[in-house]
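For reference, the chains in residue letters:
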Amino acid sequence: MMLQYWTWEEFSLVAKKLYLADPMKACVVLKYRHSDGSLCIKVTDDLVCLMYRTDQVQDVKKTEKFHSQLMRLMVAKESLSVALELD
Amino acid sequence: MVLLESEQFPTELTRLFQKRWLLSSAYVTLKKYDDQTKRIRKKGTVEGFEPSDNKCLLKATDGKKKINTVMSSKEVNKFQMVYSNLLTANMDGLKKREEKSKSKKSKAAQ
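Criteria and thresholds
Residues numbered from 1 in each chain as written. Chains lettered and ligands numbered in written order. Predicted model: local features only at pLDDT ≥ 70, side-chain atom pairs only at ≥ 80, totals over all residues. Heavy atoms only, no water. UniProt positions renumbered as here; feature names shortened; annotations may be inferred. Contact = heavy atoms within 4.5 Å. Buried area = accessible area lost by both parts, 1.4 Å probe. Salt bridge = Lys/Arg side-chain N within 4 Å of Asp/Glu carboxyl O. Polar contact = N/O pair within 3.5 Å; in protein donor to acceptor, adjacent residues only side chain to side chain. Helix = DSSP H or I, 4+ residues; strand = E, 2+ residues; numbered from the N terminus. pLDDT = per-residue confidence, 0-100. Axes fitted to C-alpha atoms, helices over the stretch in contact; angles between N-to-C directions. Parallel < 35°, antiparallel > 145°, perpendicular 65-115°, else oblique. Left-handed = near helix turned anticlockwise from the far one by under 90°. Nonpolar A, V, L, I, M, F, W, Y, C, P; charged D, E, K, R; others polar.

Chain B is annotated in an unreviewed UniProt entry as Signal recognition particle 14 kDa protein of Tupaia chinensis. Its UniProt record, at the heading Subcellular location (unreviewed entry), says of chain B: "Cytoplasm". Of chain B, the UniProt comment under Sequence similarities (unreviewed entry) reads exactly: "Belongs to the SRP14 family."

Have a look at this one:
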């Protein structure tokens, strides 16, 4: 099941929830096409796939921040809520 | 598929972006890493022994060349900044939205 989001706020919220529901299954994919000038980010748990596409520079920073946040969540042993509060 | 040390990964990732970005896509994948060999040995114990739940797998490809690395919390801390800068610096072919930047400037002025 593929769901595409049009606002970053919605996407990041749902994507984070999806990851927290099953951290082992969730997977984040970033696809960058320089020729198109587009960036696509997908988060999936093999059941649902959430997608956000953009061609805006301002979204690059948000995407990269989100990516880093999830990376930190994945390696955190404890206090997940602390990592979330950084948002 | 090339498994790299986390220190080499940023360099190789930069090279990957720069080499082929004009022609095709660049993919970066992030997933939580579970040391499966340990799981198989200790089927009964889900929690406890050596959970290895503090690692993540980072992969990158341009469609042809593949690189990946496994990182633990220490390594992530070290390379957080490097990665952020790397991604931001390389994904710079996108459009700028002038309206929003103007509104930001006016906010800053206030």
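Turning to the interface of chain B and chain A, a few remarks are in order. Opposite the 38 residues of chain B that make contact, chain A presents 34 residues. When chain B packs against chain A, close to 3,300 Å² is buried across both sides, 64% of that on carbon and sulfur atoms. Considering only the surface of chain B that becomes buried against chain A, B:L30, B:K32 and B:L94 emerge as the three largest contributors, covering 22% of it. Note that A:D55 is salt-bridged to B:K95, the shortest N-O span being 2.9 Å. Across the contact surface, chain B and chain A share twelve residue pairs in polar contact (both at pLDDT 80 or more). Elements supplying a minimum of two residues to the side of chain B that touches chain A: β2 (25–33), β3 (55–61), β4 (66–72) and α3 (73–90) of chain B. The element best represented in the side of chain B that touches chain A is β2(B), accounting for nine residues.

Turning next to the side chain of B:S25. By the secondary structure assignment, B:S25 is in strand β2. A distance of 2.7 Å separates the side chain of B:S25 from the side chain of A:R33, its partner in a polar contact. Setting aside residues no more than four positions away along its own chain, B:S25 makes contact with A:K31, A:Y32, A:R33, B:T61 and B:D62.

The subject of this paragraph is the confidence of the model for chain A. Averaged over every residue, the pLDDT of chain A is 88; the share at 70 or more is 89%. When pLDDT is averaged over each helix and strand of chain A, the minimum, 50, is found for helix α3 (residues 80–85) of chain A and the maximum, 96, for strand β4 (residues 49–54) of chain A.

The next subject is the packing of helix α1 (residues 8–21) of chain A against helix α2 (residues 57–75) of chain A. Residue and element names in this part refer to chain A. Viewed as axis vectors pointing N to C, α1 and α2 meet at an angle of 15°, and their least axial separation amounts to 12 Å. Between α1 and α2, the interaxial angle falls into the category roughly parallel. In the packing of α1 onto α2, the handedness of the crossing is right-handed. Contacts between α1 and α2 pair W8, E9, F11, S12, A15, K16 and Y19 from the former with K62, T63, F66, Q69, L70, L73 and M74 from the latter. Here the residues of the contact of α1 with α2 sort into eight nonpolar, three polar and three charged.

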